[in-house]
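# Reading the structure
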Amino acid sequence: MTTKTVAGAVGIGGTGVPDLDDVAGHWVGSDEIAHLPSLRNQQGQAHVNHDLTSLSWLAAPPFTFGYHTGELHLNGTVPAAQRFLWKPWGVLREHRGDGLLLTTDTRMALSRDLLLWRIVVTNESSEARTVEVAQDLFAMVAHAEVGYGWLYDGPWNHGMHHDFMALERIRATTGGGERHYLLSPAPRRLRLGRPRVPGIQRDEDHGPMLLDDALPAHVSHDKEPERRVGVAGAVRRLRVATADRGVLLRADEAIVLTPDGEAGLNAFALSPGLGIGFELRLDTTGQSGTVLTHGNHPDSLQIGVDDGRLWIGITGEREFTDARLAAGEWHHVHVDVEDDDVVLRLDGIEIARTRHWTGSRRWRSRIVGGTVAFEDSRSPARAAHAFAGPPAELRPEGAGARATWALRIEPGRSVTIGITCAYGTDADAVSAEARGAAADFEATMRAGEDGWRRLWASVFTPGNRDFSGHLPTFTTEDPGLARTYYMGALQALYMRNIRIRPGEPVFLTGGPRLGPTTTYFWDHCEWSRLYALLEPAGLRSWLLRMLAGPYHDSFGVENLSGGPLGNAYSSTDYALFRLIEHYVCITGDLAFLDETTGGTTVLAHLERLGLGWRGRRNPATGGVLADFGDDAWQLLECVPTYTGVVASFNGAYVGSTRSLAGLYRRLGRHEDADRTGAEARQLADAVMDLYAGSGRWQVRRPDGTDTIGHCLDFGLVAAALHRELPDRIRREMADFVSDRLLVGGWMRALSPDDPIAAASDRPDHGAAGAFAAWPGVTAHGLARLGHRDRAIALLRGLPSAASGGLWGQAMEIVTGADGRYRARVAERGVATRECIAGAAGAEAVLSALFDINPTFAAGAPARLPAALSVEGVGTLTHLGPVA
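The structure presented is a predicted model; accordingly, all values stated were derived computationally and were not measured.

### Here's the deal with the overall build of the chain
Of the regular secondary structure elements, the chain holds 17 helices and 51 strands. In summary, the chain has a C-alpha radius of gyration of 29 Å against a globular reference of 29 Å for 883 residues, a match within 12%. Counting all 883 residues of the chain, 63% fall into the buried class. Residue pairs in contact within the chain that sit at least 24 positions apart in sequence constitute 68% of those at least 6 positions apart. Per element, the accessible surface of the chain, about 30,800 Å² overall, is 48% carbon and sulfur. Side-chain charges in the chain split into 88 positive and 106 negative, and the spacing between the mean points of these groups amounts to 1 Å.

Put into structure tokens, the structure is as follows:
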């Protein structure tokens, strides 16, 4: 059978706000999709898996779920989902075969700690069928108030930590996929002694962070890190051998161990049949620390001692033993590695063996009155499953349970099964919630859908009860533009969270695999006009929080604790300046500039941000433009040569400096206005000197220069310098974008013929695709350069890239079965399924096509008109004024 995508054919836009069902996703085949759909409910998020029912990466702080929630079995096998349909309220998965159609609907109930599954089995054959349907039921749920960084803590048998690679391997086992998950295929360095920080995940201090098997340490600062210490002793006669007895590593001489030291040995990958053996001597009794680590990832194989007793750990499992090692004596330790377990032997005797995740000792389940109750032994988290129609059998299954139904289905008829799962900290309340939802199952399902439709209507309704503002209605005869605009609005609504900051709606940056409480400054500014229109009070509150923190030392914020997150980003000055500027200019709230936060006024912060180039000048790179240093991770992360003086953010500084000059003039600070105006002209001239011809720009560093063809240079320079760019350069820039970057209904961030392209194979900022915001930024630049027709064409095609849902953080260019390029939401590396920056397409409809570009440079905040029309584009109504 074919699993070909059935694209939505509904034309929208001609009658104003479309029905939410027409904006949301369409059926997409499993052979066309890379990144599977997500679930969100305004307070949590989760991922569907390759089977028909299971969920992973479920995080609704303060609750998180580990592993997955259990697969559906049909007549003893686990069917894979053949196609998917995403809607804001849930995801449908479908499998057809042997005369049966299985359709499942998985939901996170809107603003409730409640999961819902509807399973429909349809007999499409001409004869009555008797089938057995069984659902595995797991609820490895934990409760924690801390640890919600970009790499947020999830529950594992041994504790709470983020293990991206291991959980993705577990997800790959669903739907009849890979059988084994325990062993990473990546080569990792063997180390003796003190372990390195899990999360940085690179073997050398200055090694590359390759996102296929590595992550930066973007973890929350509100949690005490696990103590990292080695032992005092020695290891000798170390051998690492493969199943066929090939020796991978050998070290006969004694290696001295100290609590704070480490010894790095060769790298190798774990494989079935591999053995690691060594002799260990501890200098003193009762020690606790790590002896050996294979890599420094969270799922690393580790051997250590706890109060002198051996333990072994791998992939979220840690098995402790009663084997106490006498000090001063040599003991032979051996580890046997297999597909599904790792065995620890001491002096030839097995003393520990890891177990499958479903056999966890951390969670306990009980069958109580037709429900399944779960208890976490390490936190107060509780969960309960209940059923709309009791199963024929309900029995324990490892740390969970299995519910089984024996169904006789007549030809052409269907049978429906309903399952609920509530979670919380009060066992009785959780059970009552699950039972109540099961007893009124269909009404509970409808309530979530109706709630999403009400929120959607509120987005475009002045004076609504859900938002402090609203978005304008876009009416157009161009269905592609309409879909881009309304999908962007839905992207913002979908990423909204109303629980992690009570009283202040938060818009998350990405997920579900990362960041359930995280907002990046840069991503937020890519929809700053929409933000100021939809949620001005929320944006005001959020800005006051951000400006009170160390924003120059972080890329964003963990909203639950309010603490900073990650490393410094060169984009922060640009991002926060634009957010303040658009908030004030759209709302007219000039009094905001006099507010005090972080020990000074918002205006002082604005000046610090807008004039940030002054502190970044470097005589070695010309002494005029900002030099952003030599750390590529502070700019585009994956483009090694994009360091030093770059055109993009220097162009942005031109715009912010000019804007400040306009603000100074309005405030009567005429000398400051004259000075900053002159500085802006000087900066603009210096940026122009970076132009390298053919739409490309120069990168200057103290040790030399490079030429690069990147969309970020195009977008930010075009936005800020479009008036002074000569016609020839404007034309060359636009042609470069059209000829080298635009492809497959989307674009590439970096020209594929760029010399650095081969070393920048990432689908967000490299040549493999483009970040969610870049088409919107590029369309804005095209329009500013006088090519509105090209901007319209680009924006019109963006919905085709959304993989049956909304836009992801990274959109990769692939070759379809017809040999043509197309774009899809990327999964490889650590790309997120949705990204708030995808709303940049809708933002560009306002900025590029309707010229809504608020700035202090215009002299003063001016009220938006109630309606605005552009010939050949359409009309915005309910645009302003904003209350």
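### Quick word on the sheet that holds strand β24 (residues 317-324)
If you trace the 6 strands from one edge of the open sheet to the other, you get β19-β15-β21-β22-β23-β24, paired in antiparallel fashion. Sheet topology places β19 (262-268) and β24 at the edges, where each strand pairs with a single neighbour. Between one strand axis and the next, the sheet turns by 20° as a mean value, whatever way the strands run. One ladder, built from 5 bridges, connects strand β15 (residues 188-193) with β19; its direction is antiparallel.

### Focus: the pairing of strand β10 (residues 114-123)
Across the 10 residues that make up β10, a large majority, 10, are buried. With burial as the criterion, each face of β10 is covered, one bearing Leu114, Leu116, Arg118, Val120 and Thr122 and the other bearing Leu115, Trp117, Ile119, Val121 and Asn123. Turn length for the strand β9 (residues 100-108)-β10 hairpin, with the two strands adjacent in sequence and antiparallel, is 5 residues, and the turn residue Ser111 shows positive phi of about 55°. The pairing of β10 with strand β33 (residues 414-424) spans 9 bridges and is antiparallel. Note that in β33 the partner of Leu116 across the bridge is Thr420.

### Some details on the pairing of strand β28 (residues 363-368)
With 6 bridges joining them, β28 and strand β29 (residues 371-376) adopt antiparallel strand pairing. Paired with Arg366 across the two strands is Ala373, which belongs to β29.

### Quick word on the sheet that holds strand β50 (residues 867-870)
If you trace the 3 strands from one edge of the open sheet to the other, you get β34-β51-β50, paired in antiparallel fashion. On the outer flanks of this sheet lie β34 (473-475) and β50, each paired with one strand and no other. The average undirected angle you get between the axes of adjacent strands in this sheet is 15°. Where β34 lies against strand β51 (residues 874-877), 3 bridges are found, and the strand directions are antiparallel. Each bridged residue has a counterpart across the sheet, and for Phe474 the counterpart in β51 is Leu876.

### Thoughts on unusual backbone geometry
A cis geometry characterises the amide bond from Pro61 onward to Pro62, with omega recorded as 15°. With respect to the helices and strands, Pro62 occurs in the loop between β4 (55-60) and β5 (63-65). Here the amide bond leading from Gly511 into Pro512 is cis, since omega sits at 0°, within 30 degrees of zero. With respect to the helices and strands, Pro512 occurs in the loop between β36 (506-507) and β37 (518-520).

### Remarks on the pattern of salt bridges
Inspection of the entire model under this criterion finds 70 salt bridges. With a closest N to O distance of 3.2 Å, Asp341 and Arg353 form a salt bridge. Pair noted here: Asp341 is in the loop between β25 (330-337) and β26 (342-346) and Arg353 is in strand β27 (residues 349-353), with a separation of 12 residues, a long-range link. The class of Asp341 is buried, set by a relative accessible area of 17%. The class of Arg353 is partly exposed, set by a relative accessible area of 36%. The salt bridge partner of Arg833 is Glu834, with a shortest N-O separation of 3.9 Å.

### Points about the packing of helix α16 (residues 788-797) against helix α17 (residues 840-849)
One can describe the packing of α16 onto α17 by two numbers: an axis separation of 11 Å at closest approach and a directional angle of 165°. Between α16 and α17, the interaxial angle falls into the category roughly antiparallel. For the pair α16 and α17, the sense of crossing is left-handed. Residues Arg788, Ala791, Ile792 and Leu795 of α16 pack against Gly841, Ala844, Val845, Ala848 and Leu849 of α17. In the contact of α16 with α17, the residues fall into 7 nonpolar, 1 polar and 1 charged.

Cut-offs and rules
The residue numbers shown here count from 1 along each chain, following its written sequence. Whole-chain, interface and lining totals are the exception, using all residues; otherwise, since this is a predicted model, local features are given only for residues with pLDDT of at least 70 and side-chain atom pairs are given and counted only at 80 or more. Side-chain numbers come from the whole structure's heavy atoms, not from hydrogens or water. Secondary structure is summarised from DSSP: a helix means a run of H or I of at least four residues, a strand means a run of E of at least two, and numbering begins at the N terminus for each. C-alpha atoms define the radius of gyration, and 2.2 Å times the number of residues to the power 0.38 defines the globule rule. Using a 1.4 Å probe on the protein chains alone, a residue whose accessible area is under 20% of its type maximum counts as buried, one over 50% counts as exposed, and one in between counts as partly exposed. Any two residues having at least one pair of non-hydrogen atoms within 4.5 Å are treated as being in contact. Under the convention used here, a 1.4 Å probe and the Shrake-Rupley method define accessible areas, while residue burial counts only the protein chains that appear. Within this scheme the basic residues Lys and Arg register as positive and the acidic residues Asp and Glu register as negative, but His and the chain ends are omitted. In plain terms, the charge of a residue is placed at NZ if it is Lys, CZ if Arg, CG if Asp and CD if Glu. Only when DSSP finds a minimum of two bridges between them are two strands counted as paired. Throughout, an axis means a line fitted to C-alpha atoms (over the contacting stretch in the case of helices), and angles, computed between N-to-C directions, take values from 0 to 180 degrees. When a carboxyl oxygen of Asp or Glu lies within 4 Å of a side-chain nitrogen of Lys or Arg, that pair is called a salt bridge. With respect to orientation, any angle under 35 degrees is reported as roughly parallel, any angle over 145 as roughly antiparallel, any angle of 65 to 115 as roughly perpendicular, and every other angle as oblique. Should the near helix be turned anticlockwise from the far one by less than a right angle, the crossing is left-handed, and should it be turned clockwise, the crossing is right-handed. Under the grouping applied here, Gly and all other residues not named as nonpolar or charged are polar, the nonpolar ones being Ala, Val, Leu, Ile, Met, Phe, Trp, Tyr, Cys and Pro and the charged ones Asp, Glu, Lys and Arg.

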